[in-house]
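These are the residues of each chain, in order.
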Amino acid sequence: MFKKIAGTKDILPEEVGLWQQIEGVSRRIFSLYNFKEIRTPIIEEKNLFFRSLGDTTEIVQKQMFEICHGEDHYCLRPEATASVVRAYLENNLDKQIGFIKLFYIGPMFRAERPQKGRLRQFHHIGVEAIGSLEPEIDIEIICLANSLLKAYGIDGFRLEINSLGCFEDKKKFVEVLREKLKPSLSELCSECQIRYQRNILRILDCKQDSCKQLLKDIPAGTDFLCSFCKTHFQTVISGLKAQQIPYFLSKFLVRGLDYYNRTVFEFKHPDLGPQQDALGAGGRYDSLVKQLGGEETGAVGFALGIERLLLVLNKKNWIPQKIPLVYLICLGENARKHGINLLAKLRENGITADTDFEHRSLKGALRKANDFSARYVLILGDDELKTNTITLKDMRDGNQQKVLLSEIVQVIKRLFDSENNNKTKD
Ligand code: HAM
């Protein structure tokens, strides 16, 4: 028997309802903030990510699912920010619209070592606001992420925030780090010794205790911000205060992708464990549009990992929506022929209806109806056909009555309408 690839998941029908609800809540909140949906391909040119994320980043170095097709090199998207910026430029949205607020929901792929909260195929709910450098949009984006988490009913999360400054500030800070860490280079973990050469900022978020110890007294990157970036960050922080969004300044938060500058943030949750505790993360990437062929323009966004949301959300708050089902049981060949038309009529009238496709006995078919939690069962046999009637069974109280076949659809509609009216009164 074939098995799914490690780090991928089948989302079975009983779980899909929850996914749809999360997506529904997200779409509702996105619309409140006037974000519009974008759908980009899951397969892209490999170079798009080399150029955007940086060729020394962990994702590009180790985690790309690559596809070679003749001379062409593609990959499954490891994230969507680069794809959205590509689509923004390729479709001339920069020239036609300029500033734009976009959201996306979809699968991402990273060749990671699978473990709890770390998959090879996972799903992002993400946003990108492209075309503004203003700190107010950073505030809007962070408020949006906060609203989403609250709307899912998640609490106990923690917002960490930092500023990496502009690329000049980043360079200055890299030099400071290089000097500070040089004497203790041999005490860093082997991974960080490589990071020291290739991507020194990543040392700051190393999870190894020995490295953490060495970094304890390292200065904060925000001490090296130019005046523009300092004011920008202060405005973001004031905005969060004004919105009463709790935050923690973290000098160790640097994010793993090269495109980030200025504001960076992560929403963490203790229930995810210490290794991958981020529910979602994001920040500014003010050079990416230019890097991918557009004009220099500000941009900021974030992505939440749906699988990680599912690990922490209180499933008790999520009641699966039940659509009442009418289950038709046809006894005999003749009844089955009539049954096909009746099913079609029920559905045309907006009633969810199904039937027994296995030709079970009445007892077996009733059991199946019970398994489906059918609200009503319709029984059509030779006796009923002779009198142009059908038996209507209420599965809550077990009562049954004969109804004229020509009237059954209207009768069921009336029953559902009165149940709905009672529900709204409650
Ligand atoms: P990221 O931090 O790489 O950022 O991913 C965002 C979130 O996706 C993480 O916080 C986590 O919840 C989830 N995630 C990442 N990798 C995995 C995995 N292997 N398995 C399960 N969940 C995972 C980005 O991708 C940026 N594009 C976010 C962004 C948008 N920045 C600006 N705009």
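Residues numbered from 1 in each chain as written. Predicted model: local features only at pLDDT ≥ 70, side-chain atom pairs only at ≥ 80, totals over all residues. Heavy atoms only, no water.

Undergrad: What is the right way to read the sheet that holds strand 3 (residues 65–69) from this model?
TA: Sheet strands line up and pair through hydrogen bonds in the backbone, either parallel or antiparallel. Ordered in space as 2-4-3, the three strands form an open sheet in which the pairing is antiparallel. A strand with exactly one partner marks an edge of an open sheet, and here the two such strands are strand 2 (43–45) and strand 3. Adjacent strand axes in the sheet meet at a mean angle of 35 degrees when their direction is disregarded. As paired elements, strand 2 and strand 4 (residues 72–76) share three bridges and run antiparallel to each other. Following the sheet pairing, isoleucine 43 is matched in strand 4 by leucine 76. Helix 2 (residues 46–53) rests against strand 2, strand 3 and strand 4 of the sheet, and its axis sits at about 70 degrees to strand 2. (Pairing = 2+ DSSP bridges. Helix = DSSP H or I, 4+ residues; strand = E, 2+ residues; numbered from the N terminus. Axes fitted to C-alpha atoms, helices over the stretch in contact; angles between N-to-C directions. Contact = heavy atoms within 4.5 Å.)

Undergrad: I would appreciate a short explanation of unusual backbone geometry in the present structure.
TA: The phi angle of most residues is negative, glycine excepted, and most peptide bonds adopt the trans form. Phi angles above zero are rare outside glycine, and serine 373 is one such case at about 55 degrees. Position of serine 373 relative to the elements: it lies in the loop between helix 14 (362–371) and strand 14 (376–380). On the basis of relative accessibility, which here comes to 46%, the residue serine 373 falls in the partly exposed class. The residue asparagine 388 is not glycine, and still its phi comes out positive at about 55 degrees. (Buried < 20%, exposed > 50% of the residue type's maximum accessible area, 1.4 Å probe, protein only.)

Undergrad: Is there a simple way to explain the packing of aromatic side chains in this structure?
TA: By convention here, two paired aromatic rings are described through the distance between centres and the angle between planes. On inspection of all chains with the given rule, the structure shows nine aromatic pairs. Ring geometry for phenylalanine 157 versus phenylalanine 267: centroids 5.8 Å apart, planes at 65 degrees, classification edge-to-face. Here phenylalanine 157, found in the loop between helix 6 (135–151) and strand 7 (158–163), pairs with phenylalanine 267, found in strand 9 (residues 261–268); they are 110 residues apart in sequence, far enough to count as distant. Each of the two residues, phenylalanine 157 as well as phenylalanine 267, counts as buried. Residues phenylalanine 265 and phenylalanine 267 carry aromatic rings whose centres are separated by 6.2 Å and whose planes lie at 80 degrees to one another, so their mutual orientation is edge-to-face. Each of the two residues, phenylalanine 265 as well as phenylalanine 267, counts as buried. One aromatic cluster in this structure is built from Phe30, Phe35 and Phe103. (Phe/Tyr/Trp six-rings, centres within 6.5 Å; stacked < 30°, edge-to-face > 60°.)

Undergrad: I keep staring at the nonpolar core and nothing clicks. Help me out?
TA: Generally speaking, soluble globular proteins have nonpolar side chains that are buried together. Counting 52 residues, the largest nonpolar core has Val85, Ile130, Leu177, Leu181, Ile203 and Leu204 as the members making the most contacts within it. Looking at this core element by element, the count peaks at six residues for helix 4 (residues 81–90). (Core = buried A, V, L, I, M, F, W, Y, C linked by side-chain atoms within 4.5 Å.)

Just geometry here; none of it tells us what the structure is for.
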